[in-house]
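Each chain is listed here by its residues.
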Amino acid sequence: MATDELVKTTTGIAHHGAERLPSVEIDSFNIEIKDEDGFLGDRASKGAFREILDRWRKPVRKSGEDPFGKEPSENISKKTLDDILIGDDVEASALVHSAIEDFAQELAYVTRRFLKTKAWAKTERIVVGGGFRDSRLGELAIARTEIILKSEDFKIDLLPIRHHPDEAGLVGALHLAPSWIFEAHDSILAVDIGGTNIRCGLVETGWKKAKDLSKAKVVTSELWRHADDEPTREGAVKRLTKMLKGLITEAEKEGFKLAPFIGIACPGVINADGSIEKGAQNLPGNWESSKFNLPASLIEGIPVIGEHDTAILMHNDGVVQGLSEVPFMQDVDRWGVLTIGTGLGNARFTNRRKDRDTTENGKKKGKENNKDSAKSDKE
């Protein structure tokens, strides 16, 4: 099947991994910058924080005063670390704060390098997503990084992503969809694929309440931790298809007007035909094979939704998570996303359609909205 024909068959709307979407131009994504120590992203990942924490534990471990005892640093939960930050053990809190400070310095170094690239020039705001953001220690690290950058005269806002990281990759899929989707439908199916989990969700557009999709929300979702099951590639696609069919049934039962559209967030560099060029090494089986195409495989399993042919659009997972912020970035022109997880996902956007806040404090308002949302998430 020719590439053009495959694109038409699997989406009917646009090509996968597109640089131009309805609301934004994607200036870059999945940049892999190296220095003398290797890939920069490895310096600001979840694993990097655990290594930093372990370095700070070593001196207190020798004196028998390690607050975590013999527990390996990679096994200490974010909740445990958050509890220590607000607990009565001052020395334990100081240890975690030391690790946060060092990690913030690393994140500032990495962010600085991104901002100095041509693709990230004139970036005004960066949102930080990924699992690390979903913690008090993550929020402190993000805030400290912003302070470091501003002390070096970088005019940049650095904020936790507004939606919960587990939902941002689903909500962001709405911004892959063409405008006709929203006229006659109130929901879509979204998929967020990761190296450990696959999450599927029914996403309500909220379009009648807000045309900018700022009222969108995940109605229900299903999580499969595929890393525990170690399935084959074909087994993973079969399970994913079953999850999506279950959501279609639930949408019908609940009376949703489900669009014949599935938005997919997937690691790696996504080619126009839906194949994956690189970056999918943590997924079950070989997803980078020229003989494998996820959108085409899903079309075979779910050829129609309702009475219409199924359309699918797939993009990089960092891009899709960032797209969840589109409604709240209309007071700036250029903005980016960093996702702190197993690695460091990244994408830079330039807004296409503007609904600029006409108040003098438009930019400040956008930032405060994110902070208020982050606060409400914690509550």
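Refer to the structure above for everything that follows.
Residues numbered from 1 in each chain as written. Predicted model: local features only at pLDDT ≥ 70, side-chain atom pairs only at ≥ 80, totals over all residues. Heavy atoms only, no water.

(A) Structural context of helix α2 (residues 46–62). Taking 1.5 Å as the rise per residue, α2 with 17 residues should run 24 Å; its terminal C-alpha atoms sit 25 Å apart, in good agreement. Taken as a whole, α2 carries its principal kink of about 25 degrees at W56; the proline P59 stands between one and four residues after it. Among the residues making up α2, those that are buried are A48, F49, R50, I52, L53 and R57. Looking one or two residues beyond α2, the residue adopting positive phi is G64, at roughly 75 degrees. (Helix = DSSP H or I, 4+ residues; strand = E, 2+ residues; numbered from the N terminus. Expected span 1.5 Å × (residues − 1). Bend = angle between axes of the 7 residues up to and from the residue. Buried < 20%, exposed > 50% of the residue type's maximum accessible area, 1.4 Å probe, protein only.)

(B) The arrangement of the sheet that holds strand β4 (residues 125–129) in detail. Pairing within the open sheet is mixed, and its five strands lie in the order β1-β16-β15-β4-β5. The sheet is open, and its two borders are formed by β1 (24–29) and β5 (157–160), each paired with just one other strand. When the angles between neighbouring strand axes are averaged without regard to direction, this sheet yields 25 degrees. When β4 meets strand β15 (residues 334–340), the two strands line up parallel, connected through five bridges. If you follow G129 over to β15, its bridge partner there is T339. Helix α4 (residues 90–115) contacts β4, β15 and β16 (344–351) of the sheet and is inclined by roughly 140 degrees relative to β15. The strands touched by helix α5 (residues 136–151) within the sheet are β4 and β5, with β5 carrying the most contacts at an inclination of about 180 degrees. (Pairing = 2+ DSSP bridges. Axes fitted to C-alpha atoms, helices over the stretch in contact; angles between N-to-C directions. Contact = heavy atoms within 4.5 Å.)

(C) Examining the sheet that holds strand β6 (residues 187–193) more closely. Pairing within the open sheet is mixed, and its five strands lie in the order β8-β7-β6-β9-β14. The open sheet has two edge strands with one neighbour each: β8 (217–224) and β14 (311–316). In this sheet, adjacent strand axes meet at a mean angle of 20 degrees when their direction is disregarded. Where strand β9 (residues 258–266) and β14 come together, six bridges link them in parallel fashion. Paired with A265 across the strands is H315, a residue of β14.

(D) Representation of the pairing of β6 within the structure. Counting buried residues in β6 gives seven out of seven residues, a clear majority hidden from the surface. Two elements, β6 and strand β7 (residues 198–204), share seven bridges in a ladder whose sense is antiparallel. When the bridges of β7 are listed, S187 appears paired with E204. Here β6 folds back onto β7, and the loop between the two strands holds four residues.

(E) Geometry of helix α10 (residues 294–301). What α10 keeps buried is the set L294, P295, A296, L298 and I299. Capping the start of α10, N293 holds a side-chain oxygen 2.9 Å from the backbone nitrogen of A296, two or three residues further along. (Polar contact = N/O pair within 3.5 Å; in protein donor to acceptor, adjacent residues only side chain to side chain.)

(F) Molecular detail of the packing of α2 against α4. One can describe the packing of α2 onto α4 by two numbers: an axis separation of 9 Å at closest approach and a directional angle of 140 degrees. It follows that α2 is oblique to α4 by the angle criterion. Handedness of the α2/α4 crossing: right-handed. Contacts between α2 and α4 pair A48, F49, I52, L53, W56, R57 and V60 from the former with L95, S98, A99, I100, D102, F103 and E106 from the latter. (Parallel < 35°, antiparallel > 145°, perpendicular 65-115°, else oblique. Left-handed = near helix turned anticlockwise from the far one by under 90°.)

(G) Representation of the packing of helix α3 (residues 78–85) against α4. Remark: α3 packs on α4, axes separated minimally by 8 Å, with the N-to-C direction vectors making an angle of 115 degrees. By crossing handedness, the relation of α3 to α4 is classed as left-handed. Across the interface between the two elements, L81, I84 and L85 of α3 pack against A92, S93, V96, H97 and I100 of α4. The residue inventory of the contact of α3 with α4, partitioned by class, reads six nonpolar, two polar and no charged. (Nonpolar A, V, L, I, M, F, W, Y, C, P; charged D, E, K, R; others polar.)

(H) Molecular detail of a negative patch on the surface. There is a patch of like negative charges on the surface, built from E65, D88, D89 and E91. Relative to the helices and strands, E65 resides in the loop between α2 and α3. (Patch = residues over 30% accessible without salt bridge, like charges linked within 9 Å, V, L, I, M, F, W, Y side chains within 5 Å. Areas by Shrake-Rupley, 256 points an atom, 1.4 Å probe, with all protein chains shown as cover. Salt bridge = Lys/Arg side-chain N within 4 Å of Asp/Glu carboxyl O. Lys, Arg positive; Asp, Glu negative; His and termini not counted. Charge placed at Lys NZ, Arg CZ, Asp CG, Glu CD.)

These results come straight from atomic positions and should not be treated as a statement about function.
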